[in-house]
Each structure stands twice: as structure tokens, then as C-alpha cells.
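Structure assessment
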Amino acid sequence: MKYMGAIDQGTTSTRFVLFDSEGRVKASAQKEHRQIYPQPGWVEHDPLEIWANTQEVIQRALLQSGVQTREIGGIGITNQRETTMLWDRTTGKPLYNAIVWQDTRTADLCTELEARCGMDSIRSRTGLPISTYFSGPKLRWILSNVPGAAQAAREGRALFGTMDTWIIWNLTGGRAHVTDPSNASRTMLYNIHRLEWDERLLADQGIPASILPSVRPSSAPGGYGTVQVAPLKGVPVCGDLGDQQAALFGQACFEPGEAKNTYGTGCFLLMNTGEKAVPSRHGLLTTIAYQMGDRPVCYALEGSIAIAGSLVQWARDKMELVTSAAEINVLAARVPDNGGVYVVPAFSGLFAPHWRKDARGIIAGLTHFAGRAHIARAILEATAYQTRDIFQAMAEDSRVSLKALKVDGGMTASSLLMQFQADILGVPVIQPVVAETTSLGAAYAAGLAVGFWKDEASLRANWAKAAEWRPSMDTATRERLCAGWQKAIERSLGWEE
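Here's what I pulled together on the structure shown here. Every chain is numbered on its own, with residues counted from 1 as its sequence reads. At least 70 in pLDDT is required for a residue's local features to be given in this predicted model, at least 80 for side-chain atom pairs to be given and counted, and no such filter applies to totals for whole chains, interfaces and linings, which use all residues. Note that water and hydrogens are dropped before the side-chain values are worked out from all heavy atoms of the structure.

**Things to note about the overall build of the protein**
Selection rule: Per the convention used, a helix needs a DSSP run of H or I reaching at least four residues, while a strand needs a run of E reaching at least two, with both numbered from the N terminus. For the radius of gyration, the atom set is restricted to C-alpha positions; the globular benchmark scales as 2.2 Å times the number of residues to the power 0.38. Throughout, exposure labels follow a simple rule: accessible area from a 1.4 Å probe, protein chains only, divided by the maximum for the residue type, with under 20% read as buried, over 50% as exposed, and the rest as partly exposed. Residues count as neighbours in contact if any of their non-hydrogen atoms are within 4.5 Å of one another. To measure how exposed things are, a 1.4 Å probe is used in the Shrake-Rupley method; for residues, cover is taken only from the protein chains shown.
Within the protein, the secondary structure is distributed over 16 helices and 23 strands. For the protein, whose C-alpha radius of gyration is 21 Å, the value lies close to the compact-globule estimate of 23 Å for 497 residues. Seen through its C-alpha atoms, the protein measures out along the principal axes to roughly 60 × 50 × 45 Å. When each of the 497 residues of the protein is scored for burial, the buried share is 61%. Of all intrachain contacts in the protein linking residues separated by at least 6 positions in sequence, the fraction that spans at least 24 positions is 73%. Counting only carbon and sulfur atoms, one obtains 50% of the accessible surface of the protein, whose full area is about 18,500 Å².

Shown next, in the form of C-alpha cells:
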């Protein structure tokens, strides 16, 4: 074994990455897939397109690197987590497009569920609030609204999965219908304390247990199965982690109190809380971080932001404010501050710590003084303000005052954003040498399963700092800017009836 592979199936693209024993990237290939918007608030992906892209990026990475299949010790999967699909086990065809985690079509279902069951009842079992974000209501919608879906479930032909389950099922030629605790804990169907699909939760949401995958450890000695398709045929699939938990693991946040923030399509701040599931009183999620082999599960507190990098994508594709994502940094750097402008990207409501599905996106504070550059800066700053809201909630819930923040994801390429993040938090922001921490976490999980890496200490030895941004903003300026942000948040609420 010379390398471990990782399939990173994300919200906007799929990539395949090969890592050597020091956690360095040997080869990588990536391909975007379509974002399908059938109606306002609806977001879908084509699962067959994603599977085709998965096969393509594997082929490309191996061809470009010259790595032979026999040199790859195993494969780990990491994925956009709550995105939900149902497919026919006999044909292998989806019964409907995958409904993406950002989708809000289940708002009425969630309101009805909350009235009937109560928020506390579900949160006490799952660590989650009732929200359109999670998989259970999306699955209920498919069963209720897609012709033939409920019948396929009754006949035992339908299989449910998040994108990790779909990819593993295809890789193994339909032999493995599995997920891991980190992904199961995002469904609103899984009891995170008893570590099993919860019969009451299934009954409350009208979900038949027969369509659910088995839950296996995130790092599985013996694997879930072997790849049945070229060019990875015979390679064991033995790691599976939701993308944000994978980034936590890839950042070597193995001890309680260690935290990371991933700046991707959304933005996700996770803190390791060890073997204790810490209930949140300030709008965070209590979730499963990972389970390594037969060891106890590790829990985390999480703050989830729906719109981060996708706000830049929106500014590029919908507003045509810039022609490339990188250009927004150049435009924003033309001005020293936001000129009083704030952008609240509540396109699908507000996630943590507010959990307001009635919120919608706004641009606030416009004057004749404001121009394109101020709006561009406000777009970048929105992610930093949202992170600060979560950072504060996490400190209150955990009773741990975070001294620094490890960061990863595509938006960390913006030094302007990272410096502003440090300024608005008042703590250093630290970036690792290996930026592909999500893929790395999946590879680590697989590598531990097959003995490619000995233990977590060897993984921690791979971590190294690439860059650090230290706060330089005075307290008065920080408080003034944050007060403006809170006013903008208030203006976004109550927009949707």
C-alpha cells in the first residue's frame, strides 16, 4: 500500500484524491454537477450524473498520476450530508432526483411535525431541531409525492440513502447498503444515544424501517465491501464520514474542545466534545462526529450556515457582479470597509443559531455612497459574521473559550475574508498545509481501518500550519460592526409567511 483514496461528493462537485502516508496529495481530479432549481426554494441534483462524475474523476486522477490500482490500500467516502434520495434496488435507478440539504419544500411538513410531536421530543433523541435541513422530512416528501415511491417501499424495492450510501452502493455493485453514524445522525431518524434507527421517530415521520441502510463504523476494519467497477476493482471501501465530520477528523481535532470551521458551499463550525453528547441551549446541533472501529462514538457540537461560498456563486451567476469567484476579492479590496452595507444570505431561511425558516435574504444599509465594491465586501463579510454568531453560541454551550480557529475549505483562499474573520472573532485563524481536509479525513478513516496509519497520533503528526491571521481590529470597531449585523439579521426575519 502506497496511497489511500478519498471520494469527496460535495454539494457543487465531486472529486477523487489520493494521499500518501504523510497526508500529502498525490493526485486529484474534480468535476462540477448541475444545480437544479425546479421552483423557488427547491434544490435538486441528478444522482446518475453524480455517479458518472465519480467514475470520471477516479479515472482522470489515476491516469494523470500513473498510480496503479494495486498501490491503493482502500477508499474512504465523504459527502454532502442531508441530501436525500430513494432508488430502486432492482434497476439501480433513482425514483426521483436527490433533494439537496438546502431545499425548503418540506417547510409545511416540518411545521406539522412540530405541532404534532414537539421540538423537544425529537431534539432529545436526535440532537437536532425540526428543520427542512435534515433528511427525514425530505424522504417523507418523496414517499408522499413521487408516483410509485410508496409502492416501491411497500414491495421492498426502494432503498433510502444520503449520497455516501448511493456512492458505496454503486461502487460495490449493489452489495452494500450502508451508512455511518455521522451521516445517520443527520437524518432526524437516528437516536444518537442508543445508536440505532429510532422506531418512534420513524413512526412519527411515516418512514418504513425496511428502506434504511445499516449503520457501520466510520472506519470499518474489514470494510463495507470491495469495489466492483474499474479502475478500482478489488479495492476495499472502508471509510465513511459526512463532509463536516471528515474535515474535523482531517484537521486532527481528536480531543474535546478542539474545533474547526469549513468554508464551502455552506459554512460549518464543529467542536469535538468527546464521548459526551452535549445538549445545546443556544441553537447548535448535537451530532455524532465519528466512530473508529469498535471504539465508542465521538460527539460534536455543530453550527451550520446554509449559505457561504454559494453566496459568492450567486453573486457571480445570478447577479453578475463578478465573472469569477476570485474576482470578488479584488473588487472587495478596493474599499477599506463595507460602507455600512450588510448582506444576510437567508436564501433558505437562517440555520444556526437562529433556526428561522421565515427569514429571507436581504441587502441592508444601502446609500448613494455604496457601490459594487461595498456590496462585494459585504458578501464576503457575511460568512465571517455568521461564523461569529456560532462561535459565541459554542462558547456558551461548551463552557470552553476557543483560543484559535482552524479553518479549511475553498473560501480560505481569500486572505481578506480570513483577516476579517480573525478581526471579528478576536482570535487567530489558522490554516493547515493540506487544504483538502475533508477528503483527507475520509482517507484517514479508511487508512486506519486497513492499518495504513497506525493511530490518531500518527495522523496528528501530519498536521502542519500553512498560514495564520491574527486580529488587529479594536474592540469599539468590532462592536459597532457586529451591532450593524444584528440589525440586518432582525430585518431579514418574518419575511416568509
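Further notes follow.
**Digging into the pattern of salt bridges**
Note on pairing: side chains with opposite charge can pair once their charged atoms come close. What counts is decided by this rule: Only one rule defines a salt bridge in this text: a Lys or Arg side-chain nitrogen within 4 Å of an Asp or Glu carboxyl oxygen.
Counted under the stated rule, the structure contains 30 salt bridges. Across the pair lysine 2 and glutamate 71 runs a salt bridge whose closest N-O atoms are separated by 3.2 Å. Taken as a pair, lysine 2 in the segment before β1 (3–9) and glutamate 71 in the loop between α1 (47–65) and β5 (72–79) lie far apart in primary sequence, 69 residues in all. Residue aspartate 198 is joined to arginine 194 by a salt bridge in which the shortest nitrogen-to-oxygen separation is 3.8 Å. For aspartate 198, a relative accessible area of 2% corresponds to the buried category. Shared partners join several salt bridges into a network, and the residues in it are Arg81, Glu82, Arg186, Asp243 and Glu302.

**Things to note about the environment of glycine 371**
Inspection of the secondary structure puts glycine 371 in the loop between β20 (362–364) and α12 (372–398). In sequence terms glycine 371 and glycine 484 are 113 residues apart; their C-alpha atoms lie 18 Å from each other.

**Re the pairing of strand β16 (residues 267–274)**
Quick note on the threshold: Strand pairing requires that DSSP identify at least two bridges connecting the strands.
The buried fraction of β16 amounts to eight of the eight residues, a majority that puts the element mostly inside the structure. Side chains of β16 alternate between two faces, with Cys267, Leu269, Met271 and Thr273 and Phe268, Leu270, Asn272 and Gly274 buried alike. When strand β15 (residues 259–263) meets β16, the two strands line up antiparallel, connected through five bridges. In the strand pairing of β16, tyrosine 263 is matched with cysteine 267. Joining the antiparallel neighbours β15 and β16 is a turn of three residues. Of the strand pairs in this sheet, β16 and strand β18 (residues 298–305) are connected by seven bridges, and their pairing is antiparallel. Residue cysteine 267 lies in a different strand from β18, and its bridge partner there is isoleucine 305.

**Structural notes on helix α3 (residues 119–126)**
Condition: What the arc describes is the spread of directions from the helix axis to the C-beta atoms.
Burial in α3 covers these residues: Ser121, Ile122, Arg125 and Thr126. Viewed end-on, α3 has its buried residues packed into an arc of 105 degrees, placing them on one side of the element. In the core, the buried residues of α3 are packed alongside α2 (107–117), β10 (190–191), α8 (199–205) and β17 (285–290). Of the residues one or two after α3, glycine 127 is the one with positive phi, at around 80 degrees.

**Description of the pairing of β18**
Among the eight residues of β18, eight are classified as buried, and the element is accordingly described as predominantly covered. Examined bridge by bridge, β17 and β18 share five bridges and lie antiparallel to one another. What sits directly across from threonine 287, in β18, is alanine 300.

**Let's talk about the environment of lysine 31**
The condition is simple: Any pair of nitrogen or oxygen atoms within 3.5 Å is treated as a polar contact; in protein, a donor-acceptor pairing is required on top of that, and neighbouring residues in sequence qualify only through side-chain atoms on both sides.
Structurally, lysine 31 can be placed in strand β3 (residues 25–32). Sequence separation of lysine 31 and isoleucine 379 is 348 residues, and the distance between their C-alpha atoms is 25 Å. Among all residues touching lysine 31, those that are not within four sequence positions of it are Ser13, Thr14, Asn53, Glu56, Val57 and Arg60. Side-chain polar atoms of lysine 31 contact the side chain of glutamate 56, separated by 2.8 Å.

**Looking at helix α9 (residues 243–250)**
Most of α9 is tucked away: eight of the eight residues are buried. Taken together, the buried positions of α9 are Asp243, Gln244, Gln245, Ala246, Ala247, Leu248, Phe249 and Gly250. Downstream of α9 by one or two residues, alanine 252 has phi in the positive range, about 60 degrees.

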